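Next come the chains, spelled out residue by residue.
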Amino acid sequence: MTRSEDMPAMEQSLDSTAYLTAAAFAQDRSSIFARQWFCAGREEDLAEPGDHRVLDIAGESVLIVRDRSGAVYAHYNVCRHRGSRLCDAANDARWGVTLDAGVVGGNRIRCPYHGWTYGFDGRLLAAPQLQDTPGFNKADYPLHPVGVAAWGGFMFVNLAPDTAPDFATALDAAPRRLNNYPLAALRTATTIRYDVNANWKLILENYNECYHCPGVHPELCEIVPAFRTRGGIDLDWEAGIPHRDGAVTYTADGTTTRAPFPGLSEDEKVRHKGELLYPNLMLSMSCDHAAAFVLWPVAADRTVIECRFLFHPDEMALATFDQSDAVDFWDLVNRQDWAVCERVQSGIAASVHTHGYYAPIEDLSLDIRRYVSRCHDQ
C-alpha cells in the first residue's frame, strides 16, 4: 500500500527496540539518567536538619542529607575505604541486626565496616587507627559526590557532577512559564505510586500529546472540550489550556472550593498548564493544585511513577480541606494513561512492529527522538 500524494507524511518514531531491549535501557541509564539532571523528589522530603534519604538513581545508591545549616548534599552511598554501603537498613533487617552506622548524631555518616566517619558535606572526619599513619591525609578520601540542585521545591541530582549540564539550561523555559505559581511553597498532601509495565519514554510521549485524549480520557474531555479537536494541537499551550465554561480546575465537575494560588494571572486562574522536564518530571498545574509525576525507570518495560498532589499550605491548614475531588479525578485519568501505555508496550513487542509513527496532528513536543539522540551523542 502506498501513501496518497495528498496525505501528509508521518514521521517515524524511535525503533521499537529503543523501548523493549535491556541494551537500549542500559544506554538510557548510562547516557541520560546517570548524566542528566534527574528529579529525586521534593525538598520537603528532607524537612529537618539531619534528615536523609537513600534513593536508587539509575541503579546507583545515592545518599541525600540536609545539614544543620539547611544545606543539602548528595553522595554515592559507598565508603571510600572498602566500599561498604554506608546506609542499608533493609540489609540489616534481613539479618535481624542493627549496626552502629549510617546517619548518626544528626550530622555524621558512619560506615559500619571499620568506622570511617564523614561529615554531611562528604569530608572524611575520622578513620580509626589511621591517624598516625605516615602519608595518610583525610582530605584525600571524601565521599564520592553527587550533584544537587533545586527548583520549585523539587530536588534534582546528577551522578556525574564534574560534567553535568548547566542546571538552568536543563530547566529550559519551565521557570519562566510557571513563574506565577508558588511551586516551592506547595506541600504534598497525597502520593500515589503506580507500577507501570511500560518504558519511561512511552510514558513521556503519552504525556506530551492529546491525540489520544478523546478515546482514552472522556471525563477529561468533558472538562477540556478543546482536546476533542485535532488533539489540541491548535491550542496555545504556553498561555494555558482553557476549560469548558464554568470550569477552572481538574476535578470531576471542573470546580473547587479551594482558593486559587496567590499571584496567578487572570488567565491562570481559569486555565491549565503542563510542563515536561526531561528525563523524569511531568508537571500539571491547575489554579488550586498541582499534580507532579516523578518517573523512576526500573527496566525497559517497567517504570514506577510517583504521583504527588501538591496544595498550598494555607488550604491544607483549613479544617474543611478536602483533596479527594482532585485526587480521585487524577487517579482515574492516570489509570487510563497507564493502561494504554501498557497496551503500547506489549503491542510494539510484536514481531511485525519495527517502529511507530507520529501523526501530523500530534504535537511536535511528543517527539522524544531529539532529546534521546542528543543525550546519546554527548
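Owing to the predicted nature of the structure, the values given are computational and were not obtained by experimental measurement.

*Asks:* Help me understand the pairing of strand 10 (residues 145–151), please; the structure alone is not making it clear to me.
*Replies:* Successive residues of a regular strand alternate their side chains across the two faces of the sheet. Across two bridges, the pairing between strand 5 (residues 72–76) and strand 10 is antiparallel. Bridge assignment links Ala74 to a residue of strand 10, and that residue is Val146. Bridge analysis of strand 10 against strand 11 (residues 154–158) gives five bridges, and the strand direction is antiparallel. Bridged to Gly147 within strand 11 is Asn158. Where strand 10 folds back on strand 11, the antiparallel hairpin that results is connected by two residues, among which Gly152 adopts a positive phi of roughly 60 degrees.

*Asks:* Even after reading the chapter, I still don't get the nonpolar core, so can you show me in this structure?
*Replies:* Side chains that are nonpolar tend, in soluble globular proteins, to be buried together. Membership of the largest hydrophobic core comes to 89 residues, with the highest contact counts inside it found for Trp151 and Phe156. Listed in part, the 13 residues of the second largest apolar core include Cys87, Ile109, Cys111 and Trp116.

*Asks:* Whenever I open this one, the pairing of strand 3 (residues 52–57) confuses me. Can you help?
*Replies:* Pairing analysis gives six bridges linking strand 3 to strand 4 (residues 60–66), with the strands arranged antiparallel. Its bridge partner being in strand 4, His52 is matched across the sheet by Val65. Two successive antiparallel strands, strand 3 and strand 4, enclose a turn made up of two residues, where Ala58 displays a positive phi of approximately 55 degrees.

*Asks:* Any chance you could explain a nonpolar patch on the surface here in plain terms?
*Replies:* A cluster of nonpolar side chains, contributed by Trp95, Val97 and Leu99, occupies part of the molecular surface with about 310 Å² of accessible area. Given the relative accessible area of 39%, Val97 is considered partly exposed.

*Asks:* Before we go on, may I ask you to explain unusual backbone geometry in this structure?
*Replies:* Leaving glycine aside, a negative phi is the common case for residues, and trans is the common case for peptide bonds. Look at the link from Tyr278 to Pro279: it is a cis peptide, with omega at 5 degrees. Assignment of secondary structure puts Pro279 in the loop between strand 14 (271–277) and strand 15 (281–285). Although it is not a glycine, Gln129 adopts a positive phi angle of roughly 75 degrees. Looking at where Gln129 falls in the secondary structure, it is placed in the loop between strand 9 (124–126) and strand 10. In this structure, Asp172 is a non-glycine residue whose phi angle is positive, near 60 degrees. Within the secondary structure layout, Asp172 lies in the loop between helix 4 (167–171) and helix 5 (174–177).

*Asks:* Help me understand the sheet that holds strand 14 in this model?
*Replies:* To summarise the sheet geometry, strands pair through backbone hydrogen bonds and adopt either a parallel or an antiparallel arrangement. Strand order in the open sheet made by the six strands is 12-17-16-15-14-13, with antiparallel pairing throughout. In the strand order of this sheet, the two ends are held by strand 12 (187–196) and strand 13 (241–242), each with one partner. The sheet contacts of helix 6 (residues 200–207) involve strand 12, strand 14, strand 15, strand 16 (290–299) and strand 17 (302–311), and relative to strand 15 the element is tilted by about 25 degrees.

*Asks:* I'm lost on the state of the cysteines in this one. Help?
*Replies:* Simply put, the disulfide is a covalent bond whose two ends are the sulfur atoms of two cysteines. One pass over the full model with this rule turns up one disulfide. Between the sulfur atoms of Cys210 and its disulfide mate Cys213 the distance is 1.8 Å. Torsion about the S-S bond of the Cys210 and Cys213 cystine: about -95 degrees, corresponding to left-handed handedness. The pair Cys210 / Cys213 is uniform in exposure class, with both members buried. You can see Cys341 has no disulfide; the closest cysteine sulfur is in Cys213, sitting 12 Å from it.

*Asks:* Looking at this structure, I do not really get the packing of aromatic side chains. What am I missing?
*Replies:* Pairs of aromatic rings are described using the distance from one ring centre to the other and the angle between the two planes. The tally for this structure, following the rule as stated, stands at 19 aromatic pairs. Taking 6.0 Å as the distance between ring centres and 70 degrees as the angle between the ring planes, the aromatic pair formed by Trp116 and Phe136 counts as edge-to-face. Remark: Phe136 occurs in the loop between strand 9 and strand 10 and Trp116 occurs in the loop between strand 7 (108–110) and strand 8 (117–119); sequence separation between them is 20 residues. Judged by relative accessible area, Trp116 falls into the buried class, the value being 5%. An angle of 80 degrees between the planes, with centres 5.2 Å apart, marks the rings of Phe311 and Phe321 as edge-to-face. Linking Phe311 in strand 17 with Phe321 in the loop between helix 9 (313–316) and helix 10 (324–347), this pair joins segments that are 10 residues apart in sequence. Taken together, the aromatic side chains of Tyr194, Tyr207, Tyr250, Phe293, Phe329, Trp330 and Trp338 make up a single cluster linked through ring pairs. Across from the ring centre of Phe154, 4.5 Å away, lies the NZ or CZ of Arg42, which sits over that ring. One residue, Lys201, lies across the ring of Tyr19, its end atom 5.5 Å from the ring centre.

Definitions and limits used
Residues numbered from 1 in each chain as written. Predicted model: local features only at pLDDT ≥ 70, side-chain atom pairs only at ≥ 80, totals over all residues. Heavy atoms only, no water. Pairing = 2+ DSSP bridges. Helix = DSSP H or I, 4+ residues; strand = E, 2+ residues; numbered from the N terminus. Core = buried A, V, L, I, M, F, W, Y, C linked by side-chain atoms within 4.5 Å. Buried < 20%, exposed > 50% of the residue type's maximum accessible area, 1.4 Å probe, protein only. Patch = residues over 30% accessible without salt bridge, like charges linked within 9 Å, V, L, I, M, F, W, Y side chains within 5 Å. Areas by Shrake-Rupley, 256 points an atom, 1.4 Å probe, with all protein chains shown as cover. Salt bridge = Lys/Arg side-chain N within 4 Å of Asp/Glu carboxyl O. Contact = heavy atoms within 4.5 Å. Axes fitted to C-alpha atoms, helices over the stretch in contact; angles between N-to-C directions. Disulfide = S-S within 2.5 Å. Phe/Tyr/Trp six-rings, centres within 6.5 Å; stacked < 30°, edge-to-face > 60°. Lys NZ or Arg CZ within 6 Å of the ring centre and 35° of its normal.

Geometric descriptors of this kind do not, in isolation, establish any biological role.
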